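Chains, contacts and geometry: an overview
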Amino acid sequence: MGDAETPARKSVPVFVVLPPRAMLLDVAGPAEVLRRAGVEQDKLHFDMQFVGPLPELASSVGLVLSHIAPLPDRLPGDAIIMLSGNISPLPGQDVRADDVQEGVIVDWLRRTVRPGHLILSICSGAVLAARAGLMEGRACTTHHSSYDELRDAAPNCRVMENRLFVEDGQCWSSAGITAGIDLALHFISRRCGPGVAASVARYLVVYMRRAGADPQLSPWLEGRNHLHPAIHRVQDAISADPARDWSLPALANIAHASPRHLSRLFREHAGMTVPDYVNRLRVGLARRMIENSRLDMEAVAERAGFGSTRQLRRAWGRLHEAPPSAARRAG
């Protein structure tokens, strides 16, 4: 008998739209997140196409970007449109041609975007989406210098200030420049799982940051802002299966350390004990089930790795003021 066939990777079409005077980091940062996500897992491949009204343009740092594909007449039903921001023109700079090209992008968005498409706007890219009517009635954000411009472009939108990123239906937006990386990591966390997002962040040597209005950091991201490879291996293993009956010797074997040494390293680098970390992930897993299913608390506790509902409630109470039932009402 031959080897079992490996399931084919799903290709996700991503159209990275490049405006005139494109901010290079708005393009490269999120694109690198998507590229690395394709390395960290084998289920999704993000097929990035760089498109725009011109085949060539000078980026914010003067580097010329060429071989830019034209804006397509149609988009696949599952397409993701990433809108890069751009830099402000220099005093006295003639931007009439740039204004025309921005108008081409706005008209294309208005004509092409359909339900099912996902907009990821980076920095001032939100203004282009707003001019196309995509931000009306939505919560959104942009670079702090563009708040007023965003409000003018979409009078009925809700501009959220001092936020890294905002998710509202099919339109996700981020604040200035490096916040595009935060938005891309959040997107990867949703599509590929928080473990993959954490691995991408670790590869890029960036912190996983929460959105400004989130009540707390995701438990899958807490304790990951360090560079110790053995502790990350242990955290990756626990994150992949929080409900497993993890023993300290089994985790020490993953870390290639003694149980005592692992305990010391874990406290030093993750800022908590191994049991605390396991319980945080189990509570996070339980919260997801409570918010997204009708399972009773006994079933939730069992599937999250707790021996009883009493254990679940005790662990939950260490992290949340409200009881588990409040999460179900909120969800």
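Note that the structure is predicted; figures quoted are calculated from it, not measured.

Some words on the overall build of the chain
Counting secondary structure elements, the chain contains 13 helices and 11 strands. Over its C-alpha atoms, taken along the principal directions, the chain stretches across nearly 65 × 45 × 45 Å. Burial analysis of the chain (331 residues in total) assigns 50% to the buried set. Look at the contacts in the chain between residues 6 or more apart in sequence, and 62% of them connect residues 24 or more apart. Accessible area for the chain stands at about 16,700 Å²; split by element, carbon and sulfur atoms hold 51% of it. The average position of the 39 basic charges and that of the 35 acidic charges among the side chains of the chain differ by 8 Å.

Description of the nonpolar core
Formed by 36 residues in total, the largest nonpolar core has its most connected members in Phe-46, Leu-120, Phe-187 and Ile-188. Broken down by secondary-structure element, the contributors of at least two residues to this core are strand S1 (10–17), helix H1 (24–40), strand S2 (44–52), strand S6 (80–83), strand S7 (118–121), helix H5 (179–192) and helix H6 (194–204). Per-element tally for this core: the top contributor is H5, with 8 residues. Those residues in contact with Phe-187 that lie beyond four places of it in its chain are Leu-34, Phe-46, Ile-80, Leu-118, Leu-120 and Trp-172.

Regarding helix H7 (residues 229–240)
A rise of 1.5 Å per residue sets the reference length of H7, with its 12 residues, at 16 Å; its end C-alpha atoms lie 16 Å apart and thus fit the reference within 8%. Turning to H7, its buried residues are Ala-230, Ile-231, His-232, Val-234, Gln-235, Ala-237, Ile-238 and Ser-239. Buried positions along H7 lie against H6, helix H8 (248–255), helix H9 (259–270) and helix H10 (274–292).

Considerations on the confidence of the model for the chain
Atom-level detail of predicted coordinates should not be read off regions where pLDDT is low. Summing up the model confidence of the chain, the mean pLDDT is 90 and the portion of residues at 70 or higher is 93%. Here residues 211–216 is a poorly scored stretch, pLDDT under 50, and it has 10 contacts once near neighbours within four places are set aside; other chains count.

Focus: the side chain of Ser-124
Relative to the assigned elements, Ser-124 resides in the loop between S7 and helix H3 (125–131). Among all residues touching Ser-124, those that are not within four sequence positions of it are Gly-85, Asn-86, Thr-142 and Ser-146.

Thoughts on the pattern of salt bridges
Tallying each qualifying case throughout the model produces 15 salt bridges. A single salt-bridge network, built from bridges that share partners, covers Arg-138, Arg-158 and Asp-168.

A short note on the packing of H7 against H10
In the contact formed by H7 and H10, the axes pass within 10 Å of each other and the chain directions differ by 35°. Note that H7 runs across H10; the crossing there is right-handed. Side by side, H7 and H10 meet where Gln-235, Ile-238 and Ser-239 of the first sit next to Tyr-277, Val-278 and Leu-281 of the second.

What to know about the environment of Asp-78
For Asp-78, the position within the fold is in the loop between strand S5 (69–70) and S6. If we skip the residues at most four places from it in the chain, Asp-78 touches Lys-10, Ser-11, Pro-13 and Gly-116.

Focus on the packing of H5 against H6
Taken N-terminus to C-terminus, the directions of H5 and H6 make an angle of 145°; their axes are 6 Å apart at the nearest point. In contact with Leu-185, Ile-188, Ser-189 and Cys-192 of H5, H6 contributes Pro-194, Val-196, Ala-197, Val-200 and Ala-201. Taken together, the residues of the contact of H5 with H6 break down into 8 nonpolar, 1 polar and no charged.

Side note on the sheet that holds S7
Taken in spatial order, the 7 strands line up as S5-S2-S1-S6-S7-S11-S10 in an open sheet, and their pairing is mixed. In the strand order of this sheet, the two ends are held by S5 and strand S10 (165–168), each with one partner. Strand direction decides the pairing type here: S6 and S7, joined by 4 bridges, are parallel. Within S7, the position partnered with Met-82 by the bridge is Leu-120. Sitting on the sheet, H5 touches S1, S2, S6, S7, S10 and strand S11 (171–174), and the angle it makes with S11 is about 145°.

Digging into H8
The α-helix winds at 3.6 residues per turn, so residues separated by three or four positions along the chain end up facing the same way. Within H8 the residues assigned to the buried category are Leu-251, Ala-252 and Ala-255. The buried residues of H8 occupy an angular sector of 105° when the element is viewed end-on, so they sit on one face. Opposite the buried face of H8, at more than 90 degrees from it, the exposed residues are Pro-249 and Asn-253. For H8, the N-terminal capping position is held by Ser-247, with its side-chain oxygen 3.2 Å away from the main-chain nitrogen of Ala-250. In the segment just after H8, His-256 is the residue with positive phi, at about 55°.

Considerations on the packing of aromatic side chains
The final tally for this structure, using the stated rule, is 3 aromatic pairs. Relative to Tyr-277, the ring of Phe-266 lies with its centre 5.5 Å away and its plane at 65°, an arrangement referred to as edge-to-face. Highlighted residues: Phe-266 in helix H9 and Tyr-277 in helix H10, separated in sequence by 11 residues. There is no split in this pair, since Phe-266 and Tyr-277 are both buried. In this structure, Arg-36 is placed above the aromatic ring of Tyr-203, and the distance from its NZ or CZ to the ring centre is 3.7 Å. Of note, Arg-244 hangs over the ring of Trp-246, and the distance from its end group to the ring centre comes to 4.3 Å.

What counts, and at which threshold
- Residues numbered from 1 in each chain as written.
- Predicted model: local features only at pLDDT ≥ 70, side-chain atom pairs only at ≥ 80, totals over all residues.
- Heavy atoms only, no water.
- Helix = DSSP H or I, 4+ residues; strand = E, 2+ residues; numbered from the N terminus.
- Buried < 20%, exposed > 50% of the residue type's maximum accessible area, 1.4 Å probe, protein only.
- Contact = heavy atoms within 4.5 Å.
- Areas by Shrake-Rupley, 256 points an atom, 1.4 Å probe, with all protein chains shown as cover.
- Lys, Arg positive; Asp, Glu negative; His and termini not counted.
- Charge placed at Lys NZ, Arg CZ, Asp CG, Glu CD.
- Core = buried A, V, L, I, M, F, W, Y, C linked by side-chain atoms within 4.5 Å.
- Expected span 1.5 Å × (residues − 1).
- pLDDT = per-residue confidence, 0-100.
- Salt bridge = Lys/Arg side-chain N within 4 Å of Asp/Glu carboxyl O.
- Axes fitted to C-alpha atoms, helices over the stretch in contact; angles between N-to-C directions.
- Left-handed = near helix turned anticlockwise from the far one by under 90°.
- Nonpolar A, V, L, I, M, F, W, Y, C, P; charged D, E, K, R; others polar.
- Pairing = 2+ DSSP bridges.
- Arc of directions from axis to C-beta.
- Polar contact = N/O pair within 3.5 Å; in protein donor to acceptor, adjacent residues only side chain to side chain.
- Phe/Tyr/Trp six-rings, centres within 6.5 Å; stacked < 30°, edge-to-face > 60°.
- Lys NZ or Arg CZ within 6 Å of the ring centre and 35° of its normal.

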